[in-house]
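Per-entry structural report
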Amino acid sequence: MSKFSPTERIGVSKIETIFLKEFEWIPRTILATDVGIDMTVEISEKGEPSGELFAIQIKTGESYFNEESNNKIVFRGKEKHLNYWLNYSLPVIIILHNPENDLTIWQEITESNISKTKKSWKIEIPKHQILSKSFYDKLKDLNRYPKEIQRFQKLLADKKLMRLIAEGKDIILEIEEWINKTDGRVSLTIKENVSEDIDIEISTVKYINFYDIKQSLQVVFPWAEFEIDEPFYEIYESDNFMAEYGIWDSEDKQYIGTSIDASEYYDSLPEIRPYKDASGEVEYYRLIFKLNDLGKSILNVIEFADNGKQLKLI
């Protein structure tokens, strides 16, 4: 895993904010599942995810703006990155962010937009092509495939996450749900649990709309099923159980038993449930990813394609 870079994080945060506030689309930062892709964006219509996605590579720093020609910024890249982007399952755009003057510009990575050089390749990004809602329609139309293909693209975008799960990694989904918000606002964080008390963040999605946790999870992750992280939940729920059903001895100042059996209490709880409620405002979930039959089938198809010819939508 690459080292943390404050400059890179500034750019990611800026782009994330633009898509959330100006476009009201759903940016998902990618920290460990992909090399060469920093974020995917899902287009949202009236608060509902559409399934239409595109991918982003973000370059942050004043140095990326040093070369200019005809009011266009020239970006020069490596051949391996270009091949990766051109063969990616989603349309890819490159975004340059200059933290010194807050200029943020973008260009789509396509064969027609790039020029080969003696050493590698370059792409010109118009300075007027600022990442803003004025390019709403152009960005919305980046993904030109039919809806059926775009649903498959969404599965392909999660292939590395599926592979981690298939390899036996403990992949966790943490959810924060603002229960008093009428728009069903939630934030999602995907992590890999590498030891008893250490998680590594993989990706995050902020402020998307969930109106029913269980049903919405099936829409966002159709290839997965979920169960609660039982050892983690036990810490919170054992306290809740005793507080509600414990028999308190005021003289000895301790619990001396319970009014119902613990198994009866746990059996009464929903299968998917929050482990904590913060002052009636936010509910917190910690769930474990499992591949369902669709996920296993998709992964088998992807692995078959990767072992033969690279899977590319044409």
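Not measured: the values here are computed from a predicted model. (Residues numbered from 1 in each chain as written. Predicted model: local features only at pLDDT ≥ 70, side-chain atom pairs only at ≥ 80, totals over all residues. Heavy atoms only, no water.)

**Side note on the overall build of the protein**
- Scanning the protein for helices and strands turns up nine helices and 17 strands.
- Relative to its 314 residues, the protein shows a buried fraction of 46%.
- When contacts within the protein are restricted to residue pairs at least 6 apart in sequence, those whose partners lie at least 24 apart make up 61%.
- Roughly 17,500 Å² of accessible area belongs to the protein as shown, and the carbon and sulfur atoms make up 47% of that amount. (Helix = DSSP H or I, 4+ residues; strand = E, 2+ residues; numbered from the N terminus. Buried < 20%, exposed > 50% of the residue type's maximum accessible area, 1.4 Å probe, protein only. Contact = heavy atoms within 4.5 Å. Areas by Shrake-Rupley, 256 points an atom, 1.4 Å probe, with all protein chains shown as cover.)

**Quick notes on the nonpolar core**
- Formed by 36 residues in total, the largest nonpolar core has its most connected members in F221, W223 and F289.
- Of the residues forming this core, the biggest block, six residues, is contributed by strand β17 (residues 282-291).
- In this structure, F289 is in contact with L161, I165, I171, I172, L173, I190, F221, W223, A224, E225 and F226, ignoring residues within four places of it in sequence.
- Formed by 22 residues, the second largest nonpolar core is a distinct cluster that contains I37, F65, Y88 and I123. (Core = buried A, V, L, I, M, F, W, Y, C linked by side-chain atoms within 4.5 Å.)

**Examining the environment of E271**
- By the secondary structure assignment, E271 is in the loop between α8 (262-267) and β16 (276-278).
- Classification of E271 by relative accessible area gives exposed; the value is 54%.
- Along the backbone, E271 and I228 are 43 residues apart, and their C-alpha atoms lie at a distance of 7.6 Å.
- Once you skip the residues sitting within four places of it in the chain, E271 turns out to touch K214 and I228.

**So, the sheet that holds strand β4 (residues 68-69)**
- Judged by pairing direction, the sheet is antiparallel, and its four strands sit side by side in the order β4-β5-β9-β8 without closing on themselves. In this open sheet, the two strands that pair with only one neighbour each are β4 and β8 (114-116).
- Pairing geometry for β8 and strand β9 (residues 121-126), over three bridges, is antiparallel. The residue of β9 that forms the bridge with S115 is K122. (Pairing = 2+ DSSP bridges.)

**Quick word on the packing of aromatic side chains**
- Summed over the entire model, instances satisfying the criterion amount to 27 aromatic pairs.
- Look at F232 and Y275: their rings are 4.9 Å apart centre to centre, the planes differ by 85 degrees, and that puts the pair in the edge-to-face class. Taken together, the positions of F232 in helix α7 (residues 230-245) and Y275 in the loop between α8 and β16 put the pair 43 residues apart, joining distant regions of the chain.
- Given the relative accessible area of 12%, Y275 is considered buried.
- Between the aromatic rings of Y275 and Y284, the centroid separation amounts to 6.4 Å while the plane-to-plane angle is 40 degrees, which identifies the pairing as tilted.
- Members of the aromatic cluster, each reached through a chain of ring pairs, are F19, F23, W25, F54 and Y136.
- We note K276 situated over the ring of Y284; from NZ or CZ to the ring centre the distance is 4.9 Å.
- Over the face of the ring belonging to F232 we find R286, whose NZ or CZ atom lies 4.9 Å from the ring centre. (Phe/Tyr/Trp six-rings, centres within 6.5 Å; stacked < 30°, edge-to-face > 60°. Lys NZ or Arg CZ within 6 Å of the ring centre and 35° of its normal.)

**Let's talk about the side chain of H97**
- Looking at the element boundaries, H97 is found in strand β6 (residues 92-98).
- The exposure class assigned to H97 is buried, which follows from its relative accessible area of 2%.
- A distance of 2.8 Å separates the side chain of H97 from the side chain of T104, its partner in a polar contact.
- Setting aside residues no more than four positions away along its own chain, H97 makes contact with I10, G11, K14, I15, K59, T60, G61, F65, D102, L103 and T104. (Polar contact = N/O pair within 3.5 Å; in protein donor to acceptor, adjacent residues only side chain to side chain.)

**Details of a negative patch on the surface**
- On the surface, E225, E227, E230, E234 and D293 cluster together into a patch of negative charge.
- Of all the secondary structure elements, the ones that give two or more residues to the negative patch are β13 (224-228) and α7.
- Its place among the elements puts E234 in helix α7. (Patch = residues over 30% accessible without salt bridge, like charges linked within 9 Å, V, L, I, M, F, W, Y side chains within 5 Å. Salt bridge = Lys/Arg side-chain N within 4 Å of Asp/Glu carboxyl O. Lys, Arg positive; Asp, Glu negative; His and termini not counted. Charge placed at Lys NZ, Arg CZ, Asp CG, Glu CD.)

**Structural notes on the pattern of salt bridges**
- In total, this model carries 13 salt bridges according to the counting rule given.
- Within the structure, one salt-bridge network assembled from shared partners comprises E174, K191, D199, D229 and R286.

**Brief notes about the confidence of the model for the protein**
- Averaged over all residues, the pLDDT of the protein equals 85, while 89% of them reach at least 70.
- Of all secondary-structure elements in the protein, the lowest mean pLDDT belongs to helix α4 (residues 147-157), at 71, while strand β7 (residues 103-108) reaches the highest, 97.
- In the predicted structure, residues 309-314 sits below a pLDDT of 50 and forms 14 contacts with residues beyond four places in sequence or in another chain. (pLDDT = per-residue confidence, 0-100.)

**Details of the pairing of strand β14 (residues 246-249)**
- Two elements, β14 and strand β15 (residues 254-258), share four bridges in a ladder whose sense is antiparallel. Of the residues in β15, the one forming a bridge with I247 is G257.

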